[in-house]
Amino acid sequence: MAKRKRSTPISLEETLPTFDQHSKAEDLSTDTAPTGKTLTDNMGHAVSDDQNSLRAGSRGPTLLEDFFFREKMTHFDHERIPERIVHARGTGAHGYFRLDKSLEAYTTAKVLTEVGVETPMFIRFSTVAGFRGSLDTARDVRGFAAKFYTKEGNWDLVGNNIPVFFIQDAIKFPDLVHAVKPEPHNEIPQAASAHDTFYDFIAETPESMHMMMWVHSDRAIPRSYGMMEGFGVHTFRLINSRGESHFVKYHFKPALGVHSLVWDEAQKIGGKDPDFHRRDLWETLNEGGTLEWDFGVQIFTEAQADKWDFDVLDPTKIVPEDLVPVQKIGRVVLNRNVDNFFAETEQVAFMPTNIVPGMDFSNDPLLQGRTFSYLDTQLSRLGSPNWVEIPINRPLAPVHNNQRDGHMRQTINPGRTAYFPNRLAGNLPDQAGARGFVSYPEQMRETKRRARADSFSDHYGQARLFWNSMTPVEKEHITKSLAFELSMCEVRDVRLRMLERLEHINELLASQVAVALGEKPRAAKTAQPGGQQDSAEETALLAGATSPTTASGKLQQARALSQEVGQPKLPKNRKVAVLIAPGVNVAQVNAALDALKKAGAKGELVGTRLGDIDGLNAPKTLSNTDPVLYDGVLVPGGAKSVQALVARPEAHNFVVETYRHAKPIFAFAEGAELLTASPIGKALRNMGGKPDAGKTDGGKAAPVQNLSEVGNAASLWGNPAAL
Ligand code: HDE
């Protein structure tokens with residue numbers, strides 16, 4: 001795309017010269033700083049000496065006239081902007097959305113009707129509660145904020161990886177956030193909801209119980225950003241060319257399926273590599289890989305919605321996919337890292353009010369409140385109404401209006417008219433009328449009042465649906481997560497009030513958590529501390545093609561909610577540690593690395609020392625990395641190498657931790673000796689050398705020519721049956 005000359009008037013109708021997935025990259029390149037050879041200050045003066053300030057004599061005080069020093073220091077002093085009040089910790093990448101199926105019947109929005117067009121995108125992922133420098137693997141909701149640079153202006157879908165929210169009304173958001181953030185007197189704990197103020201608030205807010213089930217499930221500790229779903233959360237509207245409105249819910253379904261860490265891994269990773277998710281995204285894209293999602297919609301009419309026993313305007317509810325299937329309409333691909341984290345990822349600003357003609361809001365009271373908050377927050381975070389001119393935020397669609405001036409204005413608007421109507425400039429820029437954004441003319445006949453609709457009052461139905469839809473392992477993880485977080489609350493009354501809430505969802509769940517907290521089981525059913533027993537109807541299958549329903553037609557289970565059922569389990573983007581020491585069987589290592597690469601996975605050499613080992617280059621050592629940072633471990637043969645590994649406790653730790661977290665272990669030839677010498681050796685011997693599904697290859701030496709099986713065995717990933 002040609003460099004845009006922003007001072008030249010362009011009519012709204014004029015299409016951009018070219019428009020494809022690279023258009024935003026080209027637009028951003030017009031602002032990329034040139035790399036020069038001579039150091040200058042910000043006014044272009046060549047700097048003679050950047051290492052010594054100007055002094056009165058070589059040992060005297062620094063002189064005020066040293067404008068080089070003062071400029072450099074002043075700039076530095078002002079380099080930070082306020083971090084986001086929520087979603088401070090995050091990272092982002094560029095990509096595009098390709099539409100495969102037109103939604104013309106429902107909307108006039110070009111981004112959803114022009115099949116084949118690749119709309120440039122930027123997506124920022126985040127945790128909610130932690131500060132900007134906190135860890136990636138906290139148990140938390142993940143932000144999934146997508147900006148589509150469409151021909152008709154920016155469309156932001158500012159969603160999460162969980163399809164519901166804690167509260168039903170935006171007016172409660174400041175309370176929720178004050179409760180979950182570190183407590184105000186001592187600013188503890190960081191990036192954790194496991195504390196009294198959060199559960200004090202939640203226990204008094206029963207509408208949060210459905211969300212509670214999700215945040216205590218494995219969804220809140222994703223393996224990577226590319227292995228989580230994204231949801232628009234609210235019900236939105238689409239408006240077609242006849243002016244008809246349909247409701248819509250937006251979904252991003254990861255090509256790799258939904259997969260998670262286990263809690264023990266998540267906690268350890270937080271210490272070993274707080275940048276775990278950020279690094280995974282960065283490395284994948286840097287190595288030419290992609291993160292991909294199917295983009296889907298659930299479309300339904302207001303009349304359909306009126307018949308359901310929940311309110312689609314209530315953001316604590318999903319529309320089960322069994323009621324309205326998700327139609328996949330296109331592909332979202334992330335394929336390019338940012339050039340500068342601050343300029344792009346930190347300064348990117350999303351607003352749910354960025355919608356295009358053919359779309360509109362619903363009356364969801366949470367969404368309604370969000371329509372105010374985001375513009376407001378950008379003003380305080382980015383400091384001026386001209387934040388819209390920052391390269392990452394400005395649209396590809398032309399902008400022309402009568403807004404002027406303000407801090408840091410970049411655009412130079414020529415001419416004398418900055419108002420409308422004007423005859424001096426022929427009444428330009430003119431209003432677009434029906435061709436522009438027109439709000440859906442919804443009929444309103446309500447009485448003004450502060451009240452919640454009765455249809456918002458069921459706080460437990462979908463929490464139960466979620467619980468019932470979990471497999472036994474998933475239920476066990478939820479139970480343990482609740483027991484963990486509540487055990488961190490110091491005030492017993494807070495714990496007891498939470499147990500009461502849980503009872504409304506499932507008695508056994510409440511009882512098991514109660515026992516773990518040293519309280520009496522809450523109900524008649526016997527609790528099994530640490531174990532999971534459930535009634536027959538609750539554990540009934542999730543194996544069928546459709547979700548079972550009760551006689552009344554109400555859903556008892558919804559297949560799409562479980563992440564253990566029906567998710568693709570692929571080796572792509574998985575990372576395997578390959579343990580090596582001098583004397584390693586180099587041919588085996590190379591064959592293994594090849595096999596992993598062919599399967600889309602990555603082998604990383606972890607050496608007894610850094611760098612060259614028998615001509616192989618180990619970028620990591622047993623001491624500077626850790627098994628929790630990998631999806632599996634591979635021990636190649638080579639008698640001397642294996643002996644050296646057997647002598648290193650860290651190598652044993654690789655085998656043990658990988659086993660404990662139910663990730664695959666591969667051993668070739670003598671490599672099996674590390675397995676048998678390790679503390680899990682006894683367990684392996686007891687298995688009689690038979691493969692232990694999901695855990696190891698049984699310690700059996702696998703011949704080199706079978707290394708292609710690494711790819712097949714990788715289908716074991718995604719088995720959550722770990723600790
Ligand atoms: Fe946000 N939210 N939010 N939120 N939100 C912000 O805007 C807010 C809500 C979400 O990567 C803030 O630019 C209110 C739901 C994401 O830059 C702020 C309410 C969902 C991000 C704000 C909600 C989200 C934010 C802070 C209740 C999922 C990160 C910084 C009415 C659908 C965007 C900013 C990024 C960020 C307000 C609830 C998603 C303060 C008032 C529900 C992904 O404006």
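Residues numbered from 1 in each chain as written. Predicted model: local features only at pLDDT ≥ 70, side-chain atom pairs only at ≥ 80, totals over all residues.

The protein chain is annotated in an unreviewed UniProt entry as Catalase from Deinococcus taklimakanensis. On record in UniProt, under Sequence similarities (unreviewed entry), the comment for the protein chain is "Belongs to the catalase family. HPII subfamily." (UniProt positions renumbered as here; feature names shortened; annotations may be inferred.)

**Details of the overall build of the protein chain**
Helix and strand counts for the protein chain come out as 21 helices and 17 strands. Taking as baseline every contact in the protein chain between residues at least 6 positions apart, the subset at least 24 positions apart corresponds to 72%. (Helix = DSSP H or I, 4+ residues; strand = E, 2+ residues; numbered from the N terminus. Contact = placed C-beta atoms within 7 Å.)

**Concerning the site of the ligand**
For the ligand, the set of nearby residues contains 24 residues, the closest of which are H87, G143, A170, V233 and S373. Listing elements by their share of the shell around the ligand, those giving two or more residues are β2 (118–127), β3 (142–150), β4 (153–160) and α10 (365–382). Here the shell around the ligand gets six residues from one element, more than from any other, and that element is α10. Among the residues making up the shell around the ligand, the classes are represented as 12 nonpolar, nine polar and three charged. (Near = placed C-beta within 6 Å. Nonpolar A, V, L, I, M, F, W, Y, C, P; charged D, E, K, R; others polar.)

**Let's talk about the pairing of strand β7 (residues 245–254)**
Counting buried residues along β7, seven of its 10 residues qualify, which places the element largely inside the surrounding structure. Of the pairings in the sheet, the one linking strand β5 (residues 230–231) to β7 comprises two bridges and is antiparallel in character. The residue of β7 that forms the bridge with G230 is F252. One ladder, built from four bridges, connects strand β6 (residues 236–239) with β7; its direction is antiparallel. Counted as the bridge partner of I239 is S245 from β7. Here β6 folds back onto β7 in antiparallel fashion, the turn holding five residues, of which G243 has a positive phi close to 80 degrees. (Buried ≥ 20, exposed ≤ 12 C-beta atoms within 10 Å, placed from the backbone. Pairing = 2+ DSSP bridges.)

**Some words on the packing of helix α12 (residues 472–487) against helix α14 (residues 507–516)**
The contact between α12 and α14 brings their axes to 9 Å, and the two run at 45 degrees. The angle between the axes of α12 and α14 places the two elements in the oblique class. Our pair here, α12 against α14, has a crossing hand that is right-handed. Contacts from T479, L482, A483, L486 and S487 of α12 reach α14 at L509, Q512, V513 and A516. Within the contact of α12 with α14, the residues separate by chemical class into six nonpolar, three polar and no charged. (Axes fitted to C-alpha atoms, helices over the stretch in contact; angles between N-to-C directions. Parallel < 35°, antiparallel > 145°, perpendicular 65-115°, else oblique. Left-handed = near helix turned anticlockwise from the far one by under 90°.)

**Description of the UniProt feature "domain: Catalase core" (unreviewed entry) in the protein chain**
Per the UniProt record, "domain: Catalase core" (unreviewed entry) is found at residues 40–428. A distance of 42 Å separates the end C-alpha atoms of residues 40–428, which is 22% helix and 20% strand.

**Thoughts on helix α18 (residues 649–660)**
Along an α-helix, residues three or four positions apart point the same way, because every turn accommodates 3.6 residues. The end-to-end C-alpha distance of α18, which contains 12 residues, comes to 16 Å, matching closely the 16 Å that a straight helix rising 1.5 Å per residue would cover. For α18, the set of buried residues is A651, F654, V655, T658 and Y659. Buried residues in α18, looked at end-on, bunch into an arc of 115 degrees, giving them a common side. (Expected span 1.5 Å × (residues − 1). Arc of directions from axis to C-beta.)

**Overview of the sheet that holds strand β16 (residues 632–635)**
Strand order across the open sheet formed by five strands is β15-β12-β11-β16-β17, with parallel pairing between neighbours. Edge positions in the open sheet fall to β15 (620–621) and β17 (665–667), since each of these has one partner strand only. Across two bridges, strand β12 (residues 602–607) lies against β15 in parallel orientation. Paired with V606 across the two strands is K620, which belongs to β15. In this fold α18 packs onto β11 (575–580), β16 and β17, with an angle of close to 135 degrees to the strand it touches most, β16.

**Regarding the environment of T479**
Topologically, T479 is positioned in helix α12. For T479, a count of 28 C-beta atoms within 10 Å puts it in the buried group. Taking C-alpha positions, T479 is 44 Å from T150, a pair spaced 329 residues apart along the chain.

**A few points about the pairing of β3**
The element β3 is largely enclosed, with a buried count of nine among its nine residues. Relative to β4, β3 runs antiparallel, the two being bridged by eight bridges. Bridge pairing links K147 to D156 in β4. Counted between consecutive antiparallel strands, the loop separating β3 from β4 contains two residues.

**Focus on the environment of A601**
In this structure, A601 sits in the loop between α16 (586–598) and β12. Given 22 C-beta atoms within 10 Å, A601 falls into the buried group.

**Things to note about unusual backbone geometry**
Note the cis peptide between F420 and P421, where omega equals 0 degrees. On the secondary structure map, P421 appears in the loop between α10 and α11 (461–468). With an omega of -5 degrees, the peptide bond running from L428 to P429 counts as cis. Of note in this structure, N427 is not a glycine but carries a positive phi near 60 degrees. Its location among the elements puts N427 in the loop between α10 and α11. The phi dihedral of A669 is positive, around 50 degrees, even though this residue is not glycine. Its place among the elements puts A669 in the loop between β17 and α19 (672–677). Its 18 C-beta neighbours within 10 Å are what place A669 among the partly exposed residues.

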